[in-house]
Amino acid sequence: KQWYQRRVRDPGYDKHVRRAIILLIVSINIHTSQFDVLRNCMGMLSQFSLYQQDFMFYEMIHSYINVLEKQKGILERSRVLTIEDIARDKANKISTLTVKAINTSICQSACNKKNTVGKMKLIETILSISSLGFSMFRQFPHDTQGINFCELLLETWSTLWNITDEQAGNCDRFVKYGGLDLYLETYYVCSQVKTNDRIVTIKITTLIRNMLGLMGNIAEVAHIRPKLQESEDMIRSFYMLRSYDREGDSECDIIEIRYSAAGILSHICSDGPDKWIVSDNELSYEVVLKGIEEAVDSWNINSKRSINYKSFNPILHILKVDCPYPCKLWAVWALTNLCQTKANRFVPMLRRDGGVELLNKLKDAPDCPENIKHLSTLTIMKAYDPNIGPEIEETL
């Protein structure tokens, strides 16, 4: 406590508030296995907007990592020793709570903080927790225990998705610590689960959506993209998911999964045929391009989606480079869909990021396909709508 008091000198808080924050962080570091204490402390810390304060924010994240390290040890022992279900389930419950708290904090923080927390062993720790949770889920995919561990997987992949968003360094760390292998293993098990349990189905669908969102972040980083082709099974998973359709799933979840899968393939194919190293003829460069085009052409342009973008730069990159039109079709569809369905947020973003100029140039090209020209025109018309203000609406 005294060590924290010497270091916390934030003029934004009076001494009583600083003392409360210090006590909460210290309590978390001490009571790493007390669920109720952790839940209350983390809940109270979330009220202080610590993402605006550098030192206390990082100390809070560090305390969360300590909790995860403690639970990781319990989950690791449960794989090789006979440990009571109560102890294992408690570790899962605390891990889920902690990862959720980390995710909430990261969503509120600035991009530079994401990079810093990525260096704090956070990605490595969350991947380890996710791997342990997956090993439990794989044993009980259809019962209550499996559902509980699936909840942990949902939180870990959602957090990793957020922390890698436009963060090349964190994407590197994800790959370095075995994230790609974990994706393949988790996807394979999820694709094999057959159940009529609505709760299990929803959770698995959401898990696949979260995983693909993260893999989309990986695909946006040029020097990492070749690693996605090192396994044909990985490319095959993206190719299959571009036309994903599970009975009972919501339209929103279906389009998000299809969109992300086709987007990953579009980013990879945008590097050109010379960079395509997949040898399977069923996954040739031409076959994948045709698959992207067929998928995008089948989507409803007015589909409601829950995805968020802080900038359009990752999408606009595809419009800037010399790449096949199916890749550009995916990018233009993405811009049109977002500007049609959430105009007050995304039209100002399109203007700010230079998307209007790129779309004008694209549609005026002599060899531009009609489907791309049509979507580009719709988006440009929306960008010139005088009823849409210049400010980006933050509330989705």
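Heads up: these notes are all about the structure in this document. Just so it is clear, the structure is predicted and the values come from calculations on it, not from any experiment.

In total, this model carries 14 salt bridges according to the counting rule given. A salt bridge links Glu69 to Lys72, with the nearest nitrogen and oxygen atoms 3.2 Å apart. Separated by three residues within a single helix, Glu69 and Lys72 lie in helix 4 (residues 54-80), roughly one turn from each other. Judged by relative accessible area, which is 24%, Glu69 ranks as partly exposed. A residue is classified by how much of its surface remains accessible, and Lys72, at 13% relative accessible area, is buried. In this structure, Glu151 engages Lys203 in a salt bridge whose closest nitrogen and oxygen atoms are separated by 2.4 Å.

The subject of this paragraph is unusual backbone geometry. Positioned with a positive phi, Lys121 is a non-glycine residue whose angle comes to about 70°. Along the chain, Lys121 turns up in the loop between helix 6 (111-118) and helix 7 (122-139). Phi is positive for Glu166, which is not a glycine, with a value near 55°. Structurally, Glu166 can be placed in the loop between helix 8 (144-163) and helix 9 (168-176).

Now for the layout of surface pockets. The computed volume of the largest pocket comes to approximately 580 Å³. Around the largest pocket sit 29 residues that line it, and Trp161, Asn162, Gly213, Ile307 and Asn308 are the ones nearest its centre. Contributing elements (two or more residues each) for the lining of the largest pocket: helix 8, helix 11 (198-219) and helix 13 (251-269). For the lining of the largest pocket, the element with the most residues is helix 11, which contributes seven residues. Looking at the lining of the largest pocket residue by residue, the class counts come to 10 nonpolar, 12 polar and seven charged. Of the voids in this model, the second largest pocket is the one considered here, and its volume is about 250 Å³. Lining the second largest pocket are Tyr187, Cys190, Ser191, Val193, Lys194, Ile208, Met240, Leu241, Tyr244, Asp245 and Arg246. Listing elements by their share of the lining of the second largest pocket, those giving two or more residues are helix 10 (179-192) and helix 12 (232-241). For the lining of the second largest pocket, the element with the most residues is helix 10, which contributes three residues. For the lining of the second largest pocket, the per-class residue count stands at seven nonpolar, one polar and three charged.

About the thresholds
Residues numbered from 1 in each chain as written. Predicted model: local features only at pLDDT ≥ 70, side-chain atom pairs only at ≥ 80, totals over all residues. Heavy atoms only, no water. Salt bridge = Lys/Arg side-chain N within 4 Å of Asp/Glu carboxyl O. Helix = DSSP H or I, 4+ residues; strand = E, 2+ residues; numbered from the N terminus. Buried < 20%, exposed > 50% of the residue type's maximum accessible area, 1.4 Å probe, protein only. 1 Å grid on protein atoms, 1.4 Å probe; cavity = no way out; pocket = protein on both sides within 12 Å on 5 of 7 lines; lining within 4 Å. Points joined across faces, edges and corners; volume = space filled by probe spheres on them. Nonpolar A, V, L, I, M, F, W, Y, C, P; charged D, E, K, R; others polar.

Any functional reading would require information that these geometric values do not contain.
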